[in-house]
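Structural overview
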Amino acid sequence: GVARVLDRKPLRFLDPPNLDDDVIGAFLMKPSETLGFADFGGLPGVVRRARELIELPLERGDKLAKIGAEPIKGVLFTGPPGTGKTMLARIIASAAGATFYAISGPTIFSKWYGESEEILRRIFSHAAENAPSIVFFDEIDSVAGQRDEEAHEASKRVVAQLLTLMDGLSADQNVTVIAATNRPQDIDVALLRPGRFDWQIDFPLPNVADREAILRVRAQALATSDPLPHRWVAAYTEGWSAAELAAIWKEASLLTAADDREAITIEDYLGGHERVAAQRRRVALAARAGAA
């Protein structure tokens, strides 16, 4: 029989917490007052195309609406890791004075049924109210992967919700969705259809001229004591990403600080290059060993 009554209220299998407006704060990023296009070295064609597809519609959305032009709802950034996809999205948002929302897989998925979709709805609603806005999905393949038999049910619901939200965007809302991935083949094909992410910008690994520009841009923010051999370092970094080039300056700064000096010298610069090059060799060997 019944020993004692614990509670007269019925127990619910799922009892998600109530969402409040503070949930938007986890995804909202303040515009940078110092970050600009001058901080993005190299890839001038990529920068020019991104500004044309994203910055121009955000700044002149009212004129495009009067013309009757279809809004550019989504732009997909593709390319290897560390090529500057996230950085360029932030720069464009700052330049256009746009509200910026950054979303990734771990931050959007919830253990509660339906909460992930509700968070997405609130973000898009908040973006429309605070336009011009950019909603940025980092590594969107982890958020909106292919919906097949092996896909998780929560992932399928998030993809369906994202499709609905993007289809609901109109020209007068002035909201642009940017997604970044280095695995475009893993994105659900429905997102690549016209009216969604039908514009794509590829971020290649920088060529020698791009690498020299990236190195020079990074150097401008640092204290250096000698003319530095940027052209030489650029020539010996074939296949390096912008993130790996930036790592040279981190290592050079550590060498400078270890010697209790206040400015980076040629020896620090070349030492930083050698440290990052050695790390790349170790990673390459580990990858080959794993493949074998």
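Summarised in this report is the structure supplied together with it. In this text the structure is predicted, and so the values were computed from the model without any measurement.

Reading guide: rules and limits
- Residues numbered from 1 in each chain as written.
- Predicted model: local features only at pLDDT ≥ 70, side-chain atom pairs only at ≥ 80, totals over all residues.
- Heavy atoms only, no water.
- Pairing = 2+ DSSP bridges.
- Helix = DSSP H or I, 4+ residues; strand = E, 2+ residues; numbered from the N terminus.
- Contact = heavy atoms within 4.5 Å.
- Axes fitted to C-alpha atoms, helices over the stretch in contact; angles between N-to-C directions.
- Patch = residues over 30% accessible without salt bridge, like charges linked within 9 Å, V, L, I, M, F, W, Y side chains within 5 Å.
- Areas by Shrake-Rupley, 256 points an atom, 1.4 Å probe, with all protein chains shown as cover.
- Salt bridge = Lys/Arg side-chain N within 4 Å of Asp/Glu carboxyl O.
- Buried < 20%, exposed > 50% of the residue type's maximum accessible area, 1.4 Å probe, protein only.

Taken together, 6 strands build an open sheet; the order of strands is E1-E3-E4-E5-E2-E6 and the sheet is mixed. Taken across any chain shown, the strands that pair with only one partner, and hence form the sheet edges, are strand E1 (28–29) and strand E6 (199–202). In this structure, strand E4 (residues 133–138) lies alongside strand E5 (residues 175–181), joined through 6 bridges in parallel fashion. Note on E5: the bridge partner recorded for Phe137 is Ala179. Packing of helix H1 (residues 44–59) onto the sheet brings it into contact with strand E2 (74–78), E4, E5 and E6, and relative to E6 it is tilted by some 145 degrees. Where helix H5 (residues 115–129) meets the sheet, it contacts E1, strand E3 (99–103), E4 and E5, and its direction lies at approximately 150 degrees from that of E4.

Here we take up a nonpolar patch on the surface. Where nonpolar side chains cluster on the molecular surface, the patch consists of Trp232, Tyr236 and Leu270 and spans about 310 Å² of accessible area. For Tyr236, the location among the structural elements is in the loop between helix H8 (230–235) and helix H9 (242–258). For Tyr236, a relative accessible area of 52% gives the class exposed.

Turning to the pattern of salt bridges, a few remarks are in order. Per the counting criterion, the structure on display carries 15 salt bridges. Two residues, Arg122 and Glu118, come together in a salt bridge whose shortest N-O distance is 3.0 Å. Pair noted here: Arg122 and Glu118 are both in helix H5, with a separation of 4 residues, about one helical turn. Take Arg122: its relative accessible area is 25%, and that puts it in the partly exposed class. On the basis of relative accessibility, which here comes to 23%, the residue Glu118 falls in the partly exposed class.

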